[in-house]
Amino acid sequence: MVTSKDMIAALATPVGTSAIAVVRASGPGTSALTKAIFGEVPQPRVSRHSDYRDRDARLLDDVLFTFFEAPNSYTGDDTLEISCHGNPYIARLIVADLLARGCRPAEAGEFTRRAFLNGRLDLSQAEAVMDLIHARSERALAAANEQLRGALGRAMERIIAQLVNITARIEAYIDFPEEDLPPEDRRAIQGDLEILIQETNRLLVTGQYGAMVREGIRTVIVGEPNAGKSSLLNRLVGRDRALVSTEPGTTRDYLEETLSVGPHLLRLVDTAGLHEAPSGLERRGIEKTVEQARDAHLFLWVVDATRPFPIPPTSISALLKPTNTVVVFNKCDLPGVPLSESPVAFPHVRVSALTGQNVDGLIDRISGFADSCKTEIGDEIVAINARHSFALERAKSALLVASSKVVGREPVELLASDLREALDAFGEIAGKVDSEAVLDQLFATFCIGK
């Protein structure tokens, strides 16, 4: 059981040799711990230079140390941060000495968990700390910073305040039936619920963008055999990742690579060529293509510009839409190639995977697709994760049921129950939930020292 009554300590930087390592201790008693080690408790947030000597007075290192006084620290408790040389052996000796002086080893994510429990962060901000650590693109970093600064929390506060107001009005008729209250205005309640459902939908829409910025834009390359899919993969990756041959059907399985494309992270998947009535190993390859396609954010439909425009197999055609597909006319470097255009309303670009001609134009198309999925809530960018989506779907379902009961003029007691269920679901996003198991699971994904 985690308790903020303990002093905890851990290495706060990754394990490994570096110029600097940071060791962190936090909890009640940290002020006395600081004085015992360094002979003083300096002014908060002012770094001091000192020798670090262990309990046996052995010199361990030449360090900088900073004391953060509660509640104005990361965790909300008194906190000591020690910057030592980045020799893993030195860092281990300092951590061992802190443990010998009364600290216990921090659990995974315990510093951030204490920040949440002490009201320094809401739960969505705590999750943003991990997003910030793992951000691998400019857009992922921006989304994490927005959430860390409370963008989602503020959106939830507005929604919860509106729902609390509606619930209070409903419950007034339940708790004070004899009072001189104005008549129930079910039309007004219905309108307020519709606004809440719309706001919930706006947040849910940001889930796709959230998945793309955190995990990368899952981009599946599809097309007929020998259209140049593997050549395009190699061109975008910048090396010969896929085997290329003039023989059709060379790719029998899918290949996946991760790369940066402008401000975005791209998870690029090359797949087997699509055509009707395949047999044997080719059929299994196409089945895998369809499996990959089901989870795609974006399709690059590669078309051989020297041939008539193809019709994809029915197994894939239903997934290709103008909103999620870019037609890539390849081999445009060949002499005599007509200025082919898609006969359907798909955005398209002409490239040469062999020479790299206009690949920058394709990259711009990919970036434009990702940015088009971005949703602003007010002036802020919100990008929810899977946990948020689950809670929002629960809340939306309860609100829809409540709305139907208003229309059906069912008793207000039944309506109030649905509204409280929606409040509980919304509360899970910001962290107003008493479930210890939920918190244990969430913070277990953090690294030690954070």
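Look up: the structure comes first, before these words.
Residues numbered from 1 in each chain as written. Predicted model: local features only at pLDDT ≥ 70, side-chain atom pairs only at ≥ 80, totals over all residues. Heavy atoms only, no water.

Chemist: For this particular structure, what's the right way to read the sheet that holds strand E10 (residues 298-304)?
Modeler: Strands belonging to one sheet form pairs held by backbone hydrogen bonds; the direction of such a pair is parallel or antiparallel. If you walk across this open sheet you meet the 6 strands as E8-E9-E7-E10-E11-E12, and the pairing is mixed. A single partner strand is all that each edge strand has here, and the edge strands are strand E8 (255-261) and strand E12 (348-350). In this sheet, adjacent strand axes meet at a mean angle of 25° when their direction is disregarded. In terms of strand pairing, strand E7 (residues 217-223) meets E10 through 5 bridges, oriented parallel. (Pairing = 2+ DSSP bridges. Helix = DSSP H or I, 4+ residues; strand = E, 2+ residues; numbered from the N terminus. Axes fitted to C-alpha atoms, helices over the stretch in contact; angles between N-to-C directions.)

Chemist: I would appreciate a short explanation of the packing of aromatic side chains in the present structure.
Modeler: Applying the stated rule across the entire model yields 5 aromatic pairs. The interplanar angle of 80° and the centroid separation of 5.8 Å between the aromatic rings of phenylalanine 38 and tyrosine 52 together place this pair among those described as edge-to-face. Of this pair, phenylalanine 38 sits in helix H1 (residues 30-38) while tyrosine 52 is found in strand E3 (residues 48-53), placing the two residues 14 residues apart along the sequence. For tyrosine 52, a relative accessible area of 0% corresponds to the buried category. Clustering of aromatic rings is evident, with ring pairs tying together Trp301, Phe309, Phe329 and Phe346. Over the face of the ring belonging to phenylalanine 111 we find arginine 24, whose NZ or CZ atom lies 5.1 Å from the ring centre. (Phe/Tyr/Trp six-rings, centres within 6.5 Å; stacked < 30°, edge-to-face > 60°. Buried < 20%, exposed > 50% of the residue type's maximum accessible area, 1.4 Å probe, protein only. Lys NZ or Arg CZ within 6 Å of the ring centre and 35° of its normal.)

Chemist: Teacher, can you tell me more about unusual backbone geometry here?
Modeler: The omega torsion of the bond from alanine 70 to proline 71 falls at 0°, within 30 degrees of zero and hence cis. Looking at where proline 71 falls in the secondary structure, it is placed in the loop between strand E4 (59-68) and strand E5 (79-86). With a phi angle near 60°, asparagine 358 is a residue other than glycine that sits in the positive phi range. Here the phi dihedral of arginine 409 falls at roughly 55°; this positive angle occurs in a residue that is not glycine. Relative to the elements of secondary structure, arginine 409 occurs in the loop between helix H12 (386-407) and helix H13 (412-430). Judged by relative accessible area, arginine 409 falls into the exposed class, the value being 62%.

Chemist: Looking at this model, I keep getting lost on the nonpolar core. Mind explaining?
Modeler: In summary, soluble globular proteins display a tendency toward joint burial of nonpolar side chains. Counting 34 residues, the largest nonpolar core has Leu203, Leu399, Leu419 and Phe426 as the members making the most contacts within it. Counting only elements with at least two residues in this core, the list comes to helix H6 (151-175), helix H7 (186-215), H12 and H13. Beyond its immediate sequence surroundings of up to four residues, leucine 203 is in contact with Leu152, Ala155, Met156, Ile159, Ile377, Val382, Ile384 and Leu392. (Core = buried A, V, L, I, M, F, W, Y, C linked by side-chain atoms within 4.5 Å. Contact = heavy atoms within 4.5 Å.)

Chemist: What is the right way to read the pattern of salt bridges from this model?
Modeler: One side chain can pair with another of opposite charge once the charged atoms of both are near each other. Throughout the structure, instances matching the rule amount to 18 salt bridges. Here arginine 104 and aspartate 6 are joined by a salt bridge, their closest N and O atoms 2.8 Å apart. Of this pair, arginine 104 sits in strand E6 (residues 104-105) while aspartate 6 sits in the segment before strand E1 (8-11), placing them 98 residues apart in sequence. Salt-bridge contacts for glutamate 40 lead to arginine 48; the nearest nitrogen and oxygen are separated by 3.1 Å. Judged by its relative accessible area of 27%, glutamate 40 falls in the partly exposed class. The network of salt bridges with shared partners includes Asp6, Asp77, Arg104, Glu110 and Arg114. (Salt bridge = Lys/Arg side-chain N within 4 Å of Asp/Glu carboxyl O.)

Chemist: Can you walk me through the sheet that holds E4 in this structure?
Modeler: Pairing is mixed in the open sheet, where 6 strands are placed in the order E3-E4-E5-E2-E1-E6. Edge strands, defined here as strands with exactly one partner in the open sheet, are E3 and E6. Alignment of E4 against E5, held across 5 bridges, turns out to be antiparallel. Pairing of phenylalanine 65 across the sheet is with isoleucine 82, part of E5. The strands touched by helix H3 (residues 110-117) within the sheet are E1, strand E2 (18-26) and E6, with E1 carrying the most contacts at an inclination of about 135°.

Chemist: What's the story with helix H11 (residues 359-372) in this structure? I'm lost.
Modeler: Think of an α-helix as 3.6 residues a turn; residues three or four steps apart then line up on the same face. With 14 residues, H11 extends 20 Å between its outermost C-alpha atoms, agreeing within 8% with the 20 Å of an ideal straight helix rising 1.5 Å per residue. Considered for burial, the residues of H11 that qualify are Val359, Gly361, Leu362, Ile366, Ser367, Phe369 and Ala370. (Expected span 1.5 Å × (residues − 1).)

Chemist: Would you explain the packing of helix H5 (residues 138-148) against H7 in this entry?
Modeler: The description of two helices packed together rests on the angle between their axes and the distance between the axes. Packing of H5 against H7 brings their axes to within 8 Å, and their N-to-C directions diverge by 120°. One finds that H5 runs oblique with respect to H7. Note that H5 runs across H7; the crossing there is left-handed. Contacts between H5 and H7 pair Arg139, Ala140, Ala143 and Gln147 from the former with Tyr209, Val213 and Arg214 from the latter. Looking at the contact of H5 with H7, its residues break down into 4 nonpolar, 1 polar and 2 charged. (Parallel < 35°, antiparallel > 145°, perpendicular 65-115°, else oblique. Left-handed = near helix turned anticlockwise from the far one by under 90°. Nonpolar A, V, L, I, M, F, W, Y, C, P; charged D, E, K, R; others polar.)

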